[in-house]
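# Report on the structure
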Amino acid sequence: MCINEMALSFLLEKFIYKEKNTSDKIKTINLNQNYIIPPNRSRYLSEIAETIRDYKKWVASETTLVRKYHALSQSLEILKNEAKENNDPINKSNIDSITQSIDKHKDQISPETMDKLNDWDSLYSKYTADEYSYKVRNKVIKVETFTKTLSNIKIPKVSFPKFHDWGDRINWLLLENVSGSFPFTSGVYPFKRTQEDPTRMFAGEGLAENTNKRFHYLSSEQQFARLSTAFDSVTLYGEDPDFRPDIFGKIGNSGVSISTVEDMERLYAGFDLTSNSTSVSMTINGPAPIILAYFFNTAIRQQIRHWVVQNKLLTPGEAYVRTGDNRYGFNVHSGESWVVDSKTPKLKEWKEIQKLVPPKVYTKIENATLQKVRGTVQADILKEDQAQNTCIFSTDFSLRMMGDVQQYFINNNIKNYYSVSISGYHIAEAGANPITQVAFTLANGFTYLEYYKSRGMNVDDFAPNFSFFFSNGLDAEYSVIGRVARRIWSIALKNLYGANKRSQMLKYHIQTSGRSLHAQEIDFNDIRTTLQALLAIYGNANSLHTNAYDEAVTTPTEDSVRRAMAIQLIINKELGIANNENINQGSFIINELTELVEEAVLDEFERIADRGGVLGAMETQYQRGKIQEESLNYETKKSLGQLEIIGVNSFLNPNRENDILEVSELIRSSSSEKELQIKRLNEFKKRNCDLSKQSLSQLQSSILAGSNIFTELMIASQFSSLGQISSTLYNIGGEYRRNL
């Protein structure tokens, strides 16, 4: 810990925070842990780099031993066969000498390697059989291993290598392997899901019901609803909608406006949030714990509403939240019809509905709901400081909240929802090249891991709740970023942290590059997006968002987003070679790129470690400076024409008029929508005034007492707005201030 950090900790321990109540009682913050990363773990990134390099040295050594073992075994077999064919007597001394050498080399090979070597033929048989079976969380999954072309040729979903040399076999198993097996270079699951495409489309505009309508549009012909939520900048900065000039114009623009749990209920109306066919991703960082509490409470309320309807305590019209056009339904996405009725009875207030449910039943539903919800909240505060800039609370306090969220997940057995999406996308969008994107993202992930470990959490209790998020551009390195990230993560988790298989599996989402979208020759953007999507699918990304061509200038229209969805659907459904799931394996250039990018990432780990780790580097603005330098390099080359961008600085359209917007419409929220959102907020505050004051007071007292913040947010978020909760948290944890 540097001197200024020690001084700050001393001051915080000595100085007092006043809690505003009737007795004006003085309270102090008890800093039991005055560090994020323990001092003896400050070189964690250097250790990780060393662990990866040591593993690869071991693989090289094992490969050499196995290759010699194979050569000697072949020599012995050849001598015996030749003697037999020629009826010559066997030279016993030669045989003994070779046998001894074989035994010597075999003894030097690790048992793990010998097991893999002996299992090669069995593994080959499994992947060349017509059906392959494997388990996911004790559920048996059966997969056909081939697809048939119109020419009646069987195309393998996994093309298993036909190496003869044992050294090649073991080198491939230890560095590549089949998907679903360590080190997960090719993928984290043996096969892709046949019934669920990786499509996860980003949406958010205007009021909650506008975005709800878009969600239903996007998932209308999909068996699975994979929703990805964009929030407006007012929400991203933890503020409430207001007539203030700096807020009013931003309400509902470039994202959905969410300020209460009731907004969240309208946002996901008609989707059963506990269904296996529904998952929800939320791109929110600064106020992420508050928004997550809204989401969890929304899922719980939805199930409570369903319970009172099933038990005939209320009619659907009295229980289910309506959308903007007065429709209501519980699980419309799965085939249930929307109800549209002008004579629908008035929706009961939530307080009235709660009273109908016995406490034990409510608790049972609450627990079951939390264990079933699927999806991701981004909540990556380190990336925000380095790139995207929506930090609102002090970094230390934000990290404490992240840790409390994860502890809440562990305490409540929440295993299907990711507590953080460690994001490289915004690092790339800010200007970083692909190597810097991967290096900074993984470094941030390992920082969260070290912090959670320092709080006493077991790696296997929280690492499976991590997910990752990368951008795909068109640079060569993007062909292998998933391979590199999966391999580094799995080797480090296994060999350095002793984690189990599930923790070793790095799952990631890809969004095609927003930075590569251009307003000039705007139709060309679909071509770029198609190529980027192809890289993601070939790289076995776990989910994919394809940008709409008009996102260079506006929130996408229904037509443009349909085209964007069609890009990945055509690749998945029509491009025959995409039926193969390990298309990158065995390519000379992919193998070489993997090695080059991996080593470059490890070098970056060392540079960050030399600056005191991720948090130490952030103090000197290292990450921001590097991103800005790389952005300047890109923009300079583009401006000078050294980096060709078709339709922008080369292959220009001679008939194009300057300053002409090449889109049919700009999506913006209307003044009436903004005013309605403010009206709803004020009505919510009025109805919940007393309970809000009580819950916010309890939130503040509990935080000062060292209680789990997210546990208290689950209560306060039922009665308080986003701005009210943010204001309370500012008073305790402080507002964000960038180091200068």
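Read on for an overview of the structure. Fair warning: this is a prediction, and the values are worked out from it, not measured in the lab.

### Examining the sheet that holds strand 17 (residues 543-545)
If you trace the four strands from one edge of the open sheet to the other, you get 14-15-16-17, paired in parallel fashion. Taken across any chain shown, the strands that pair with only one partner, and hence form the sheet edges, are strand 14 (420-423) and strand 17. Within the sheet, the average angular offset between the axes of one strand and its neighbour, ignoring direction, is 25°. As defined by bridge partners, strand 16 (residues 508-512) adjoins strand 17 across three bridges and the pair is classed as parallel. Each bridged residue has a counterpart across the sheet, and for Ile510 the counterpart in strand 17 is Leu544. Across the sheet, helix 22 (residues 525-538) lies against strand 15 (466-472), strand 16 and strand 17, angled at about 165° from strand 16, the strand it touches most.

### Side note on a nonpolar patch on the surface
Nonpolar side chains collect at one region of the surface, where Leu474, Ile527 and Leu531 lie side by side and expose about 280 Å² of accessible area between them. In this fold, Ile527 is placed in helix 22.

### Structural notes on unusual backbone geometry
Negative phi characterises most residues that are not glycine, and trans characterises most peptide bonds. Note the cis peptide between Phe182 and Pro183, where omega equals 5°. Mapped onto the secondary structure, Pro183 falls in the loop between helix 6 (166-175) and strand 7 (201-203). Non-glycine residue Gln621 carries a positive phi angle of around 60°. Here Gln621 is to be found in the loop between helix 25 (613-619) and helix 26 (622-640).

### Digging into the pairing of strand 4 (residues 139-144)
Sheet topology note: the strand 3 (residues 131-136)/strand 4 ladder contains six bridges and is antiparallel. Counted as the bridge partner of Tyr134 is Ile141 from strand 4. As consecutive antiparallel partners, strand 3 and strand 4 are separated by two residues, and within that stretch Arg137 has a phi angle of approximately 50°, a positive value.

### Some details on the pattern of salt bridges
Counted by the stated rule, this structure contains 32 salt bridges. A salt bridge links Glu450 to Arg41, with the nearest nitrogen and oxygen atoms 2.7 Å apart. Here Glu450, found in helix 18 (residues 434-454), pairs with Arg41, found in the loop between strand 2 (26-27) and helix 2 (44-86); they are 409 residues apart in sequence, far enough to count as distant. The exposure classification of Glu450 matches that of Arg41, with both residues buried. For the salt bridge of Glu112 with Lys494, the shortest nitrogen-to-oxygen distance reads 3.8 Å. Taken together, the positions of Glu112 in helix 4 (residues 111-118) and Lys494 in helix 20 (residues 481-496) put the pair 382 residues apart, joining distant regions of the chain. Since its relative accessible area comes to 30%, Lys494 is described here as partly exposed. Look at the salt bridges and you will find they share partners, linking Arg53, Glu599, Asp603 and Glu606 into a network.

### Brief notes about the pairing of strand 9 (residues 278-283)
In terms of burial, strand 9 is largely enclosed, as six of its six residues are buried. Neither face of strand 9 is left uncovered, since the one carrying Thr278, Val280 and Met282 and the one carrying Ser279, Ser281 and Thr283 both have all their residues buried. Here strand 8 (residues 225-230) runs beside strand 9; their pairing, made up of six bridges, is parallel. Opposite Ser228, over in strand 9, you have Ser281 as the bridge partner. Alignment of strand 9 against strand 12 (residues 375-377), held across three bridges, turns out to be parallel. Looking at strand 12, one finds that Ser281 is bridged to Thr376.

### Details of the sheet that holds strand 13 (residues 417-418)
Ordered by their spatial adjacency, five strands build an open sheet running 7-8-9-12-13, and the pairing between neighbours is parallel. Strand pairing shows two members of the sheet lacking a second neighbour, strand 7 and strand 13, which therefore form its edges. As paired strands, strand 7 and strand 8 are joined by three bridges and run parallel to one another. By the bridge assignment, Phe202 is partnered in strand 8 with Ser228. Relative to strand 9, helix 11 (residues 288-310) is tilted by about 155°, and along the sheet it contacts strand 9, strand 12 and strand 13.

Calculation notes
Residues numbered from 1 in each chain as written. Predicted model: local features only at pLDDT ≥ 70, side-chain atom pairs only at ≥ 80, totals over all residues. Heavy atoms only, no water. Pairing = 2+ DSSP bridges. Helix = DSSP H or I, 4+ residues; strand = E, 2+ residues; numbered from the N terminus. Axes fitted to C-alpha atoms, helices over the stretch in contact; angles between N-to-C directions. Contact = heavy atoms within 4.5 Å. Patch = residues over 30% accessible without salt bridge, like charges linked within 9 Å, V, L, I, M, F, W, Y side chains within 5 Å. Areas by Shrake-Rupley, 256 points an atom, 1.4 Å probe, with all protein chains shown as cover. Salt bridge = Lys/Arg side-chain N within 4 Å of Asp/Glu carboxyl O. Buried < 20%, exposed > 50% of the residue type's maximum accessible area, 1.4 Å probe, protein only.

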